[in-house]
Amino acid sequence: CWSEDAVRRVRAGEADVGVVVQGCDVEGLWTRPYRRDRLAAVVRTDDTLNREEVAFEDLLERDLVGLEGSSTLTRLLIAQASSLMRPMALRVQVRSFEAVCRAVEARLGVGILPLTAARSFAEAMKLKVLPLTNDWALRRMILCVREQPQTKSALGLMIAHLEAQAADDDGDA
């Protein structure tokens, strides 16, 4: 689910923990830093864009495939295009990372997704993943829970495990 929905579910007790993009309203929740997240463009391997990485503004002349408008990512992209005073041709909106990749595969446009998610679909769908060079494309994810869990509780142990895994992964980055 999107970050705001994850926060709502944690607040309502429907979920024990949420992983959300930093900047989301988590007031009143106990939070911990989690992973870094870089956004990337997703194009077909036969696309004319022949680079190792790309700036967001270089994609604004093309049709884009994105997540539905309520997603944190889509709102971020719209805000960035607006700050550049350039229109964003969001031609197709879908509900999942896989659907973005399927639409790119079907030649409907260029997708923008978190790098790790994009890479998970790239080989099977014959897609190229080009990290965005923009500073704002590097995001921080956070863990949120209703209140600080006891250290030895199942939730406390899970949070500690997630933090340890993220620290190891960030050290590799």
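Just so it is clear, the model here is predicted, and its values are computed rather than measured.

Some remarks on unusual backbone geometry
- Positive phi values are uncommon outside glycine, yet Arg-107 reaches one of about 65 degrees.
- Position of Arg-107 relative to the elements: it lies in the loop between helix H3 (97–105) and strand E5 (110–114).
- In this structure Arg-107 comes out as exposed when scored by relative accessible area, which is 56%.
- Phi is positive for Lys-126, which is not a glycine, with a value near 55 degrees.
- Residue placement: Lys-126 occurs in the loop between helix H4 (115–125) and strand E6 (127–131).
- For Lys-126, a relative accessible area of 57% corresponds to the exposed category.

Remarks on the environment of Val-19
- Mapped onto the elements, Val-19 comes out in strand E1 (residues 18–21).
- What makes Val-19 partly exposed here is its relative accessible area of 40%.
- Val-19 sits 128 residues away from Glu-147 along the chain, and the two C-alpha atoms are 15 Å apart.
- Apart from the residues within four sequence positions on either side, Val-19 is in contact with Tyr-34, Met-141, Ile-142 and Leu-143.

A look at the packing of H3 against H4
- Two elements in contact, H3 and H4, have axes whose closest approach is 10 Å; the angle formed by their N-to-C orientations is 40 degrees. Considering the angle they form, H3 stands oblique to H4. The interaxial crossing formed by H3 with H4 has right-handed handedness. Residues Phe-97, Glu-98, Cys-101, Arg-102 and Glu-105 of H3 pack against Ala-117, Phe-121 and Met-125 of H4.
- Tallied by class, the residues present in the contact of H3 with H4 amount to five nonpolar, no polar and three charged.

Re the packing of aromatic side chains
- Applying the stated rule across the entire model yields one aromatic pair.
- Residues Phe-56 and Trp-136 carry aromatic rings whose centres are separated by 5.3 Å and whose planes lie at 85 degrees to one another, so their mutual orientation is edge-to-face. Here Trp-136 lies in the loop between E6 and strand E7 (138–145) and Phe-56 lies in the loop between strand E2 (30–44) and strand E3 (64–67), a separation of 80 residues in the sequence.

Section: the environment of Gln-93
- Mapped onto the elements, Gln-93 comes out in strand E4 (residues 90–94).
- For Gln-93, a relative accessible area of 43% puts it in the partly exposed group.
- Distance from Gln-93 to Ala-103, taken between C-alpha atoms, is 9.3 Å for residues ten residues apart in sequence.
- Apart from the residues lying within four places of it in its own chain, the contact partners of Gln-93 are Gly-66, Leu-67, Glu-68, Gly-69 and Thr-74.
- Within the local environment of Gln-93, its side chain forms a polar contact with the backbone oxygen of Leu-67, the two atoms lying 3.3 Å apart.

Here we look at the pattern of salt bridges
- Counted according to the given criterion, the structure contains 16 salt bridges.
- A salt bridge links Arg-107 to Asp-46; the nearest nitrogen and oxygen atoms lie 3.2 Å apart. A residue pair is termed long-range when its members are at least 10 positions apart, and Arg-107 in the loop between H3 and E5 and Asp-46 in the loop between E2 and E3 qualify at 61 residues.
- Two residues, Asp-58 and Arg-51, come together in a salt bridge whose shortest N-O distance is 3.0 Å.
- Of the residues examined, Arg-51 reaches a relative accessible area of 39% and is grouped as partly exposed.
- Taken together, the shared-partner salt bridges in this structure form one network comprising Asp-5, Arg-8, Arg-9 and Glu-14.

Rules behind the numbers
- Residues numbered from 1 in each chain as written.
- Predicted model: local features only at pLDDT ≥ 70, side-chain atom pairs only at ≥ 80, totals over all residues.
- Heavy atoms only, no water.
- Helix = DSSP H or I, 4+ residues; strand = E, 2+ residues; numbered from the N terminus.
- Buried < 20%, exposed > 50% of the residue type's maximum accessible area, 1.4 Å probe, protein only.
- Contact = heavy atoms within 4.5 Å.
- Axes fitted to C-alpha atoms, helices over the stretch in contact; angles between N-to-C directions.
- Parallel < 35°, antiparallel > 145°, perpendicular 65-115°, else oblique.
- Left-handed = near helix turned anticlockwise from the far one by under 90°.
- Nonpolar A, V, L, I, M, F, W, Y, C, P; charged D, E, K, R; others polar.
- Phe/Tyr/Trp six-rings, centres within 6.5 Å; stacked < 30°, edge-to-face > 60°.
- Polar contact = N/O pair within 3.5 Å; in protein donor to acceptor, adjacent residues only side chain to side chain.
- Salt bridge = Lys/Arg side-chain N within 4 Å of Asp/Glu carboxyl O.

Purely geometric stuff here, so don't read any function into it on its own.
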